[in-house]
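Topology and contacts: notes
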Amino acid sequence: MNKLTQSLANAVTPRFHYAWVVVGVIFLVLLCSAGIRATPSVMILPLEQEFGWNRSTISVVISVNIALYGLIGPFSAAAMQRFGIRRVVLAALVLLATGTALSTLMHMPWHMLLSWGLLVGAGTGVAANTLGATIVSRWFETRRGLAMGLLTASAATGQMVFLPLMAAMVGSYGWRSVAFLVSAVALLAIPLVWLLLPESPAAIGQKMVGQVEDVKDEGLSRRNPLAIALDALRTSVRMPDFWLLFMSFFVCGLSTNGYIGTQFIAMCNDYGINEVSGASILAAMGMLDLVGTTLSGWLSDRYNPRVLLFWYYGLRGLALIFLPYAFGLQYYGLTIFAIFYGLDWIATVPPTVRLANDVFGRLAAPIVFGWIVAGHQLGAATATTVAGYMRATLGNYTLSSIMMGVACLIGAVLVLRIKGKQGQPTPVPA
C-alpha cells in the first residue's frame, strides 16, 4: 500500500472512517464512467448527419456497448478478487481513455463498433454498479444501503455534469470534441485511483464500517477469475430468487439506459426540442435521481426492499406510459414526467443489492450481482435496438414508450415474489 494512502488512513478521526474516502474515489470513477456511457446519446444525430448512418445502425452499435457493459460485470468482480480492485479499475480507465480517443478517427460503422462498442463497453463494464457492490461488500458491515445509494447516484451526477456540456460542445465544435473531453476525464481519474484506493480495510489496519467482531481478511484469490464467475453463476441459477432478480433488473435496464438514456434526446428532436434542451431535461432528471437514489439507499437500510422495488417499478411504468402524451402538454407535461421518472430512475439499485446480499451472502453477492447487472444491460441493449428499429419503421417512439411502461408494471409484480431472508430484522446503521 502506498505511503499517501496509509498516512491519510492514519489521519482520519475515529468518527470518520476511511471507507468514506474510498466511496468518494469510486464515486468519481463511476461518475466518469457514467459521463462516457451517456456520450452516445448526444452523438446519434451528428453521426447521422456526417456519415449518413441511419438511427437503426447506430442503435445496434450502442446496444453492443450496453450489452458488453453488463456482461463484463461478473468477470470484473471475479477479477477484483484475483488481481485486486485497484489494478482492475486502472485497466478499465485506460480502456475508456483509449477507446474514446480512437473514436475520433472513425469513418465506418465497424470503427464505431470497435471503439465505442468493444473498448468502451468493456471499460464501462468494470466501472459500473458491480464495482459499487464490491466496494460496499468489502468496506461496510452496516450502512450498506446508504453507501450503495451514493455510488449508484454517481450515474445520475455524471449525466448532470456532462450532458448539457457535451450537447453544447457538439453544436459548437463537433462530436469529436466530446470524445476528446471524456478521454481526458478518464485519464485524470487514474492518479486518484492509484494513490487513494486501498484493497480492503485490513490493508490499512482498519475494520469495516460497523464491524464488531474480527473477520479474517481472505486476501486475493488464486483461482481463475473465469472459474470464479462461472461457479457463482452455476450455483445461483438453481435459485428462483436469482431469476426474479435477473428479470426485474432486465426490465430496469429496458426502461432506463436502453430507452430513456439512449433515445430521449433524439425523441425530443422529433417534437422540435433541440439537442441542448433535450440534454438539459435529461440532466435535470439526473439531478432528481441523485436525490432519489441516495434516499432509496437510506430507505433500503430500514424497510422491506421488495415493497420499495414494487413502488419504484410501478411508478416508473406509469411515467413511461404517460411520456408520449407529455410532449402534447407543453411545458407542464415534460416537467411532470421529469419529476416522477427522475426521482425513480435508478433508485432500484440499492434495494436490489441488499436483496442480493441477503440471498447469496456477502462474499458471493458482488459476483452474483454482476450476473444480475448483465440482465440489466441485456434489457438495455434490447430496448436500444427495438426502439431504434421501431422509430425507423413507425416514425415515432409512442408504441415503444407504452411497451416499456407495461414491462415495468410486470416487473413490479415480479419483485414481490422474491423470498430472500424474510422475517429477519432489518439492519440498523451503527
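Note on numbering: residues in each chain are counted from 1, in written sequence order. Predicted model: local features are reported for residues with pLDDT of at least 70 only, side-chain atom pairs are reported and counted for 80 or more only, and whole-chain, interface and lining totals are derived from all residues. Values reported for side chains reflect all heavy atoms of the structure, with hydrogen atoms and water molecules removed beforehand.

**A word on the overall build of the protein**
Threshold: Secondary structure elements follow DSSP: runs of H or I no shorter than four residues count as helices, runs of E no shorter than two count as strands, and numbering proceeds from the N terminus. A radius of gyration in this sense is built from C-alpha atoms; the matching globule rule multiplies 2.2 Å by the number of residues raised to 0.38. Relative accessibility under 20% of the residue-type maximum defines a buried residue, over 50% an exposed one, and the middle range a partly exposed one, all with a 1.4 Å probe and only protein chains included. Should any heavy atoms of two residues lie within 4.5 Å, those residues are considered in contact. All accessibility values rest on the Shrake-Rupley procedure with a 1.4 Å probe; residue burial counts only the protein chains present in the view. Charged residues are defined here as Lys and Arg on the positive side and Asp and Glu on the negative side; His and the ends of the chain fall outside this count. We put the charge of a Lys on NZ, of an Arg on CZ, of an Asp on CG and of a Glu on CD.
Assigned secondary structure in the protein consists of 17 helices and zero strands. Relative to the 2.2 N^0.38 estimate, which gives 22 Å for 430 residues, the radius of gyration of the protein is 21 Å and therefore close to what a compact globule would have. For the protein, with 430 residues in total, the buried portion stands at 57%. Partitioning the intrachain contacts of the protein with sequence separation of at least 6 by distance along the chain shows that 85% fall at a separation of at least 24. On the protein, roughly 17100 Å² of surface is accessible, and the fraction owed to carbon and sulfur atoms is 67%. Side-chain charges of the protein comprise 26 positive and 16 negative groups, with the mean position of each set lying 6 Å from the other.

**Let's talk about empty space enclosed by the protein**
Here is the rule: Here a cavity denotes grid points, spaced 1 Å and computed from the protein atoms alone, that fit a 1.4 Å probe unable to get out, and a pocket denotes an open set having protein on both sides within 12 Å along at least 5 of 7 lines; residues with an atom within 4 Å of a point are the lining. Grid points are joined across faces, edges and corners, and a volume is the space filled by probe spheres set on the points. Three categories are distinguished: nonpolar for Ala, Val, Leu, Ile, Met, Phe, Trp, Tyr, Cys and Pro, charged for Asp, Glu, Lys and Arg, and polar for the others, with Gly belonging to the last.
Enumeration according to the criterion identifies two cavities of 30 Å³ or more in this entry. Along the walls of the second largest cavity sit Met267, Tyr271, Pro324, Phe327, Tyr397, Thr398 and Ser401, which together make up its complete lining. Its residues placed into classes, the lining of the second largest cavity shows five nonpolar, two polar and no charged.

**With respect to the pattern of salt bridges**
Convention followed: Definition used for salt bridges: Asp or Glu carboxyl oxygen within 4 Å of a side-chain nitrogen of Lys or Arg.
Under the criterion given, the structure shown has six salt bridges. A salt bridge links Arg144 to Glu141; its shortest N-O distance comes to 3.9 Å. Where Arg234 meets Asp231, a salt bridge forms, and the shortest distance between an N and an O atom there is 2.4 Å. In this pair, Arg234 and Asp231 are both assigned in helix H9 (residues 225-236), three residues apart and thus about one turn of the helix distant. For Asp231, a relative accessible area of 27% corresponds to the partly exposed category.

**Some details on the nonpolar core**
For clarity, the cut-off: What is meant by a nonpolar core is a set of buried Ala, Val, Leu, Ile, Met, Phe, Trp, Tyr and Cys residues, joined one to another through side-chain atoms within 4.5 Å.
Among the nonpolar cores identified, the biggest contains 132 residues, and Ile260, Phe264 and Phe337 are the most heavily contacted of them. A per-element tally of this core places helix H2 (residues 19-51) first, with 18 residues. In this structure Ile260 touches Ser255, Leu282, Met285, Leu320, Leu323, Phe337, Tyr341 and Trp345, once residues within four positions along its chain are discounted.

**Some points on the side chain of Thr256**
By the secondary structure assignment, Thr256 is in the loop between helix H10 (240-255) and helix H11 (260-270). Residue classification places Thr256 among the buried residues on the basis of a relative accessible area of 0%. Dropping the residues within four chain positions of it, Thr256 is found in contact with Gly261, Arg316, Tyr341, Trp345 and His376.

**Overview of the state of the cysteines**
In protein chemistry, a disulfide is the covalent bond that joins the sulfur atoms of two cysteines. Let me state the cut-off plainly: Any two cysteine sulfur atoms within 2.5 Å of one another count as a disulfide.
Throughout the structure, instances matching the rule amount to zero disulfides. Cys268 carries a free sulfur, and the closest cysteine sulfur to it, the one in Cys408, is 18 Å from it. Cys408 forms no disulfide, and the closest cysteine sulfur to it belongs to Cys252, at a distance of 7.9 Å. By relative accessible area, which is 0% here, Cys408 ends up buried.

**Side note on the packing of H10 against helix H13 (residues 305-326)**
This is how the line gets drawn: Here an axis means a line fitted to C-alpha atoms, over the contact stretch when the element is a helix, while the angle between two N-to-C directions is reported on a 0 to 180 degree scale. Helix crossings get a hand from a simple test, with the near helix turned counterclockwise from the far one by less than a right angle marking a left-handed crossing and a clockwise turn marking a right-handed one.
At a closest axis distance of 12 Å, the pairing of H10 and H13 adopts a crossing angle of 35°. Like other packed secondary-structure pairs, H10 and H13 cross with a definite hand, here left-handed. Residue-level contacts link Ser248, Phe249, Val251, Cys252 and Ser255 of H10 to Tyr313, Arg316 and Leu320 of H13.

**Section: a nonpolar patch on the surface**
Cut-off, in case you're wondering: Patch criteria: residues need more than 30% relative accessible area and no salt bridge. Like-charged residues are merged within 9 Å; nonpolar side chains of Val, Leu, Ile, Met, Phe, Trp and Tyr are merged within 5 Å.
On the surface, a cluster of nonpolar side chains totalling about 1200 Å² of accessible area is made up of Val291, Val307, Trp311, Leu315, Leu318, Tyr331, Tyr332, Ile336, Ile339, Phe340, Leu343 and Leu409. Of all elements in the fold, only H13 and helix H14 (330-344) reach the threshold of two or more residues within the nonpolar patch. Sorting elements by how many residues they give to the nonpolar patch places H14 first, with six residues. Along the chain, Leu343 falls in helix H14.

**So, the environment of Ser177**
Here Ser177 lies in helix H8 (residues 175-196). Distance from Ser177 to Leu105, taken between C-alpha atoms, is 12 Å for residues 72 residues apart in sequence.

**Focus on H11**
Summarising burial for H11: nine of the eleven residues are buried, a large majority. Just past H11, the residue Gly272 takes up positive phi, approximately 85°.

**A few points about helix H16 (residues 365-394)**
Spelled out, the test is: Residue count minus one, scaled by 1.5 Å, sets the expected span of a helix.
An ideal rise of 1.5 Å per residue puts 44 Å on 30 residues; H16 measures up with 42 Å between its terminal C-alpha atoms. Taking burial as the measure, the 30 residues of H16 include 22 buried ones, the bulk of the element. One or two positions beyond H16, positive phi appears at Gly395, with a value near 85°.

**Focus: the confidence of the model for the protein**
Predicted coordinates in areas of low pLDDT are best not read in detail. To keep things clear, this is the line we draw: As a per-residue measure, pLDDT tells how confident the predictor is, with possible values from 0 to 100.
When the pLDDT values of the protein are averaged, the result is 84; 90% of them are 70 or greater. For residues 422-430, every residue scores under 50 in pLDDT, and the model assigns this stretch 15 contacts once sequence neighbours within four places are set aside.

**Quick look at the packing of aromatic side chains**
Defined as follows: Only the six-membered ring of Trp is used, alongside the rings of Phe and Tyr, when aromatic pairs are assigned; centres must lie within 6.5 Å, and planes under 30 degrees apart are stacked while those over 60 apart are edge-to-face, with the rest tilted. Charges are assigned to positions over rings by a cutoff of 6 Å between ring centre and Lys NZ or Arg CZ, combined with an angular limit of 35 degrees from the ring normal.
Going through the model one piece at a time under the given rule, you end up with 15 aromatic pairs. Arranged with centres 6.3 Å apart and planes meeting at 65°, the rings of Phe51 and Trp175 form a pair that is edge-to-face. One end of the pair, Phe51, is in helix H2; the other, Trp175, is in helix H8, with 124 residues separating them in the sequence. Put simply, the rings of Phe264, Tyr271, Phe327, Phe337 and Tyr341 touch in pairs and so form one group of aromatic residues. Of note, Arg86 hangs over the ring of Trp194, and the distance from its end group to the ring centre comes to 4.8 Å.

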